[in-house]
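Residue-level structural notes
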Amino acid sequence: MATVHLRIGDLVWGKLGRYPPWPGKVVSPPKDLKKPRGKKCFFVKFFGTEDHAWIKVEQLKPYHPHKEEMLKSNKGKRFQQAVDAVEEFLKKGKGKEQGSHSSSDDKKSSDSKGRKAPAKPMKIIEEDDEDLFKGGSSDKPASSMEPISKRLKVVEEDTRSTSIQAADSTALNGSITPTDKRIGFLGLGLMGSGVVSNLLKMGHVVTVWNRTAEKCDLFIQEGARLGRTPAEVVSMCDITFSCVSDPKAARDLVLGPSGVLQGIRPGKCYVEMSTIDPETVAELSQVITSRGGRFLEAPVSGSQQLSNEGMLVILAAGDRSVYEDCSSCFQAMGKTSFFLGEAGHAARMMLILNMVQGSFMATIAEGLTLAQATGQSQQTFLDILCQGQMASAFLDQKCQNILQGNFKPDYYLKHIQKDLRLAISMGDSVNHPTPMAAAANEVYKRAKALDQSDNDMSAVYRAYIH
């Protein structure tokens, strides 16, 4: 029998994915929740959040022995609130204990000095110990024990946890030590919001600004600082990121009134994450470096969901030293990053990627509508696609959106059309034909004319049915 020295109710520090250790309590999972295969882990409820998760044994530490160490390594506001919640929990528990009377069983379990004997550790029971579930030698009645997987069974009570989050799903980069540099972030749209959230979760010191100031409120509550103008953010921070909608917005942010350029000083770093054309990148790089600043472009490939999950792909180009200085930030916001050389290369690569993605989405929509027009089941068409060589999470998600009529934006249709337009223009600049992208672009323009601009890119489907 394998014994793990943790039991239901124990306070722990749990390492969930790439996030820093967080205070939690070992609880029982719901009856219908299976434990991850091949993992020796416990189900943990995290303080100060609604999150529950399976956490591997090696990612758990007892709360009290490691408290001082954890407090030194994480100074975030949400983290401190979580620790305060633990301390409040302990105070309430101590009060209940002092106000209760000892039972005869408690007295029997006390030693000669009146100290209570330590509770028995929770047991993880292997399949070959199945007889323990039939009564007899078990510590609890068989009715209180229930299997949570085919391989392991946990002896514990059921607390009916409902908020489930998979452990290890984003544990690609291991533990992240946040940079000691002050980080600024301009633009809290679909992509920027997720990026800032992950920077804060990983312990970065972040100052935010957004054209619509109300969008900053949530991040201020999470521990971010507020900048009144782009210039103020840049002057306050060592590295400032921006993520806005298009080339005009990117230029206005830098060159406009109280813009980035007014806050640039020698040594200040500016990282342009917007998907824009290489000509605009070159212009921004030139004006930033002319003031002694350091410039990096780092557009991201992904969606709102991937941004929220810290699973973006980052394409960087420009000042290599800035790329290295951004290491912990890129680890917080993405699953991988590429350095592509001099400024402009990342913009070109991103436009090519989005050209392919936008054209593919238009083709998927065309296939679904043709299936319907010829009397074929759209769901069956999707099922067949998902069993073939084109199967992907993108394909499945976007098709399901279409079949459910759910066009909540994950990547705005107007932005993918902008990317197609910029990619076609880039092709023209080097006299390279882009007929597929040009055809797809016309379909997106049709969708925009049908008021689909602020819907998800999958709403291009509606261009075929109207």
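Before any of the text, the structure's been laid out above.
So, here's what we can say about the structure. (Residues numbered from 1 in each chain as written. Predicted model: local features only at pLDDT ≥ 70, side-chain atom pairs only at ≥ 80, totals over all residues. Heavy atoms only, no water.)

**Here's the deal with the overall build of the chain**
For the chain, the helix and strand inventory stands at 17 helices and 18 strands. Buried positions account for 46% of the 466 residues belonging to the chain. In the chain, the proportion of contacts linking residues at least 24 apart, taken out of those at least 6 apart, comes to 65%. (Helix = DSSP H or I, 4+ residues; strand = E, 2+ residues; numbered from the N terminus. Buried < 20%, exposed > 50% of the residue type's maximum accessible area, 1.4 Å probe, protein only. Contact = heavy atoms within 4.5 Å.)

**A short note on the environment of valine 26**
Of note, valine 26 is situated in strand S3 (residues 22–26). Overall, valine 26 belongs to the buried group, its relative accessible area being 1%. Between the alpha carbons of valine 26 and leucine 11 there is a distance of 6.5 Å; along the sequence they are 15 residues apart.

**Concerning the packing of helix H12 (residues 345–373) against helix H14 (residues 393–404)**
Helices that pack against each other are described as a pair by the angle of their axes relative to one another and the distance between those axes. Put simply, H12 and H14 touch, their axes get as near as 11 Å, and they point 45° apart. In terms of axis orientation, H12 runs oblique to H14. The two elements H12 and H14 cross, and the hand of that crossing is right-handed. Here H12 contributes Gln357, Phe360, Met361, Ile364 and Leu368 to the contact with H14, which in turn contributes Phe394, Leu395, Lys398, Cys399, Ile402 and Leu403. Considered class by class, the residues forming the contact of H12 with H14 number nine nonpolar, one polar and one charged. (Axes fitted to C-alpha atoms, helices over the stretch in contact; angles between N-to-C directions. Parallel < 35°, antiparallel > 145°, perpendicular 65-115°, else oblique. Left-handed = near helix turned anticlockwise from the far one by under 90°. Nonpolar A, V, L, I, M, F, W, Y, C, P; charged D, E, K, R; others polar.)

**Considering the nonpolar core**
Soluble globular proteins: nonpolar side chains tend toward being buried together. In this structure, Phe185, Leu199, Phe241, Val271, Met273, Phe330 and Met333 are the most contacted members of the largest nonpolar core, which totals 34 residues. Taken together, the elements giving at least two residues each to this core come down to strand S10 (183–186), helix H4 (190–201), strand S11 (206–209), strand S13 (239–242), strand S14 (269–272), strand S17 (312–318), helix H10 (320–325) and helix H11 (327–333). The leading source of residues in this core is H4, at five residues. If near-sequence neighbours (up to four positions away) are discounted, leucine 199 is found in contact with Ile183, Phe185, His204, Val206, Cys329, Ala332 and Met333. Counting residues in hydrophobic clusters, the runner-up holds 32 residues, among them Leu385, Ile402, Ile416 and Leu420. (Core = buried A, V, L, I, M, F, W, Y, C linked by side-chain atoms within 4.5 Å.)

**Concerning the packing of helix H13 (residues 378–385) against H14**
Running from amino to carboxyl end, H13 crosses H14 at an angle of 175°, the nearest separation of the two axes being 11 Å. Regarding the angle of H13 to H14, the classification is roughly antiparallel. Contact with H13, carried on its side by Gln378, Gln379, Leu382 and Leu385, involves Leu395, Asp396, Cys399, Gln400 and Leu403 of H14 and no other residues of that element. In the contact of H13 with H14, the residues fall into five nonpolar, three polar and one charged.

**A short note on H13**
Those residues of H13 that sit buried are Gln378, Leu382 and Leu385. Axial view of H13: buried residues confined to an arc of 60°, hence all on one face. Tucked into the core, H13 has its buried residues touching H12 and H14. Between the side-chain oxygen at the start of H13 and the backbone nitrogen of glutamine 379 there is a gap of 3.3 Å, and the oxygen is on serine 377. (Arc of directions from axis to C-beta. Polar contact = N/O pair within 3.5 Å; in protein donor to acceptor, adjacent residues only side chain to side chain.)

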